[in-house]
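Structure assessment
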Amino acid sequence: MSRVYNFSAGPSMLPLEVLEKAQKEMTEYGTAGMSVMEMSHRSADFKAIIDDAEALVRELMNVPDNYKVLFLQGGGSTQFAMIPMNLAAKNKKADYVITGQWAKKAAAEAEKFITVNKVASSADKTFSYIPKLDKSKFSPDADYFYICYNNTIYGTRYTKLPETDAVLVADISSCVMSEVIDVTKFGLLFAGAQKNLGPAGVTLVIVREDLIGETLDGTPTMLDYKIHADNGSMYNTPPTYAIYILKLVLEWIKEKGGVAALQKLNEEKAKILYDFLDSSELFKGTVVPEDRSLMNVPFVTGSDELDAKFVKEAKAAGLVNLKGHRTVGGMRASIYNAMPKEGVIKLVEFMKKFEEENK
Ligand SMILES: *Cc1c(COP(=O)(O)O)cnc(C)c1O
């Protein structure tokens with residue numbers, strides 16, 4: 001058995017070079033005489049790893065000095081609670097744009113603590129587009145304005161940011177470092193690592209310093225950004241091995257020429273797939289062209305039976321995890337940073353062949 005092309009939405013493919021480096025260093029890291037997994041998080045060796053990881057995030061995303069870079073646990077989903085608890089102490093109010101499951105879940109979690117104003121939704125068409133925003137629906141006193149930048153399940157993404165005076169907050173779990181993002185436009189950005197940055201278990205949070213320190217009453221210590229910021233993400237034991245792999249992925253991104261270079265490659269990869277979908281008689285993309293994601297590409301044949309046959313035969317051909325999310329059906333190809341262009345070309349070749357055989 002050889003390595004397959006893994007189109008999973010997350011956890012997803014990691015660069016082979018990263019896995020091989022980790023393999024080499026698995027039992028003895030440098031001169032430490034032990035694995036990173038066995039190290040004290042207070043050791044000099046681990047301190048160097050987490051410091052490098054932070055420096056690389058700052059360099060690759062051009063993070064200004066007045067932002068904190070945090071490595072937290074609890075996945076993207078814990079951010080759904082931490083954001084209102086930490087950013088809404090003033091007016092206890094926030095605006096949310098509902099573009100899919102993840103935005104919906106984030107809003108539902110926030111509603112436990114604060115007033116949530118849903119300013120727009122694309123639920124009417126199965127979240128297949130990014131809704132136009134009507135400024136008159138915005139709350140004048142919102143503590144923040146929340147978006148999900150790239151919608152992993154439905155395959156849409158923002159190409160233009162909302163024009164709001166409130167602090168902009170974005171879930172970038174499935175697009176972090178896949179395209180250039182101007183951090184200065186945001187108060188807070190977060191991403192679970194398991195899509196574009198590494199293994200599950202660590203969540204990257206980038207937050208403007210002046211926004212943290214005031215929390216809702218009753219906020220648990222572990223959910224207070226300030227605690228983590230003041231302790232260099234080591235208030236308690238951080239997910240050491242996940243941070244180590246994340247650091248290797250960041251080094252790989254840097255070697256590839258950084259985020260802008262990867263964006264160019266990602267645009268080429270996505271174009272190969274979308275061009276085929278637009279020309280195919282059998283397969284159809286489900287998202288309006290102007291809002292198509294570079295990372296997650298959902299498509300259907302129109303027949304559940306053919307969809308299932310396609311997923312099965314693709315798997316046998318070494319193209320795995322192409323089944324769509326259970327709420328959408330059909331197929332979805334997640335083509336994150338670590339998916340080589342060759343994998344996308346192979347997928348399209350396979351789709352052409354399948355179309356020929358099933359006309
Ligand atoms: C995967 C994902 C999440 C959830 O992340 P967990 O780490 O599983 O909590 C949230 N938002 C988006 C956009 C995602 O793709």
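Presented here is a report on the structure given in the accompanying data block. (Residues numbered from 1 in each chain as written. Predicted model: local features only at pLDDT ≥ 70, side-chain atom pairs only at ≥ 80, totals over all residues. Heavy atoms only, no water.)

Before going further, it helps to examine the packing of aromatic side chains. Within this structure, the stated rule accounts for 17 aromatic pairs. Aromatic pair Phe80 and Phe190: ring centres 6.3 Å apart, planes at 75°, arrangement edge-to-face. Separated by 110 residues along the polypeptide, Phe80 in helix H3 (residues 75–87) and Phe190 in strand E9 (residues 188–192) bring together distant segments of the chain. For Phe80, a relative accessible area of 5% translates into the label buried. (Phe/Tyr/Trp six-rings, centres within 6.5 Å; stacked < 30°, edge-to-face > 60°. Helix = DSSP H or I, 4+ residues; strand = E, 2+ residues; numbered from the N terminus. Buried < 20%, exposed > 50% of the residue type's maximum accessible area, 1.4 Å probe, protein only.)

Let us look at the pattern of salt bridges. One pass over the full model with this rule turns up 23 salt bridges. When the shortest N-O distance is used, the salt bridge between Arg58 and Glu54 registers 3.0 Å. Taken together, the residues span about one helical turn, with Arg58 and Glu54 both in helix H2 (residues 44–61) at a distance of 4 residues. Linking Lys353 and Glu357 is a salt bridge whose minimum nitrogen-to-oxygen distance equals 3.7 Å. Within this pair, Lys353 and its partner Glu357 are both found in helix H9 (residues 341–357), separated by 4 residues, close to a single helical turn. With a relative accessible area of 46%, Lys353 lands in the partly exposed category. One network of salt bridges, with partners in common, ties together Lys135, Lys160 and Glu163. (Salt bridge = Lys/Arg side-chain N within 4 Å of Asp/Glu carboxyl O.)

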